[in-house]
Amino acid sequence: DQQVKQNSPSLSVQEGRISILNCDYTNSMFDYFLWYKKYPAEGPTFLISISSIKDKNEDGRFTVFLNKSAKHLSLHIVPSQPGDSAVYFCAASSNYKLTFGKGTLLTVNP
Amino acid sequence: SAVISQKPSRDICQRGTSLTIQCQVDSQVTMMFWYRQQPGQSLTLIATANQGSEATYESGFVIDKFPISRPNLTFSTLTVSNMSPEDSSIYLCSVAGFSGTSGSNEQFFGPGTRLTVL
């Protein structure tokens, strides 16, 4: 049973536009949600996180929104840049143990 | 953030042998974890490396197959024992930090060890 789902395996956007990556979860016990960016042959790079008691967290071009009633979160990247092209993983935390989604490949076209 | 290094970065091993992967952090951390990413899959938690005591394993992972050591707050090892081709994966260590000012629950990953078992 997949507790964290990223239903879009890929997303393509134009440079300068907004990228919206989505994630759904099933377990109400998750206390934090995190987004990671991953390049091939590298470990995941932490981007941004949000506590389950908040609905928005912003850091520069990255904003994460949490809709707890819908068990849904999203990562917004504005403006998107070609260097943002990577696989993005959503992860949910329970006592620091992370459950990952399968990832979304973001391609930002110049 | 923390700087995390892993050794080796990659290896090709024969079936039936064992490989020990090292994880070194540049600062003392409370929480250390080991994850696995099989080809085409997401990351899966193997175990929590506990300093001074036995590791805590997730469902589907056992100590005989993945013995873990954590002698201090900056270092841990994961051994993949009696390897088979199904063990071919990227193995990653991670450390958990808490930023009190931002309220975030950041967790940082090492670069990973790419293991191929023939």
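Cut-offs and rules
- Residues numbered from 1 in each chain as written.
- Chains lettered and ligands numbered in written order.
- Predicted model: local features only at pLDDT ≥ 70, side-chain atom pairs only at ≥ 80, totals over all residues.
- Heavy atoms only, no water.
- Helix = DSSP H or I, 4+ residues; strand = E, 2+ residues; numbered from the N terminus.
- Rg over C-alpha atoms; globule rule 2.2 N^0.38 Å.
- Buried < 20%, exposed > 50% of the residue type's maximum accessible area, 1.4 Å probe, protein only.
- Contact = heavy atoms within 4.5 Å.
- Lys, Arg positive; Asp, Glu negative; His and termini not counted.
- Charge placed at Lys NZ, Arg CZ, Asp CG, Glu CD.
- Pairing = 2+ DSSP bridges.
- pLDDT = per-residue confidence, 0-100.
- Salt bridge = Lys/Arg side-chain N within 4 Å of Asp/Glu carboxyl O.
- Polar contact = N/O pair within 3.5 Å; in protein donor to acceptor, adjacent residues only side chain to side chain.

Participant: How do you make sense of the overall build of chain B when you look at a structure like this?
Facilitator: A tally of helices and strands in chain B yields zero helices and eleven strands. At 14 Å, chain B has a C-alpha radius of gyration in line with the 13 Å of a compact globule built from 118 residues. The dimensions of chain B, computed from C-alpha atoms along their principal axes, are 50 × 30 × 25 Å. In chain B, which comprises 118 residues, the proportion classed as buried is 51%. Intrachain contacts of chain B at a sequence separation of at least 6 include 54% that bridge at least 24 residues. One way to put it: in chain B the 7 positive side-chain charges average out to a point 8 Å from where the 8 negative ones average out.

Participant: Can you help me understand the pairing of strand 3 (residues 19–25) of chain A in this one?
Facilitator: Side-chain positions along a regular strand alternate between the two faces of the sheet. Residue and element names in this part refer to chain A. Burial of strand 3 is one-sided: the residues Ser19, Leu21, Cys23 and Tyr25 facing one way are buried, the residues Ile20, Asn22 and Asp24 facing the other way are not. The pairing of strand 1 (residues 4–5) with strand 3 spans two bridges and is antiparallel. Among the inter-strand pairings, Val4 is bridged to a residue of strand 3, identified as Tyr25. In the sheet, strand 3 pairs with strand 8 (residues 72–77) via six bridges, with the strands oriented antiparallel. Among the inter-strand pairings, Asn22 is bridged to a residue of strand 8, identified as Ser74.

Participant: Got a minute to help me understand the confidence of the model for chain B in this structure?
Facilitator: Predicted coordinates in areas of low pLDDT are best not read in detail. This prediction gives chain B a mean pLDDT of 91; 93% of its residues lie at or above 70. Under a pLDDT of 50 for its full length, residues 99–103 of chain B has, in the predicted model, five contacts with residues more than four places off or in other chains.

Participant: Explain the side chain of Lys37 of chain A to me, please; I cannot follow it from the model alone.
Facilitator: Residues and elements named next belong to chain A. Mapped onto the fold, Lys37 is located in strand 4 (residues 32–38). Salt bridges are absent for the buried Lys37, whose nearest opposite-charge side chain, Asp84, sits at 4.2 Å. Polar side-chain contacts of Lys37 include one of 2.9 Å to the side chain of Tyr39. A polar side-chain atom of Lys37 sits 3.2 Å from the main-chain carbonyl oxygen of Gly83. If near-sequence neighbours (up to four positions away) are discounted, Lys37 is found in contact with Gly43, Pro44, Thr45, Leu47, Gly83, Asp84, Ala86, Val87 and Tyr88.

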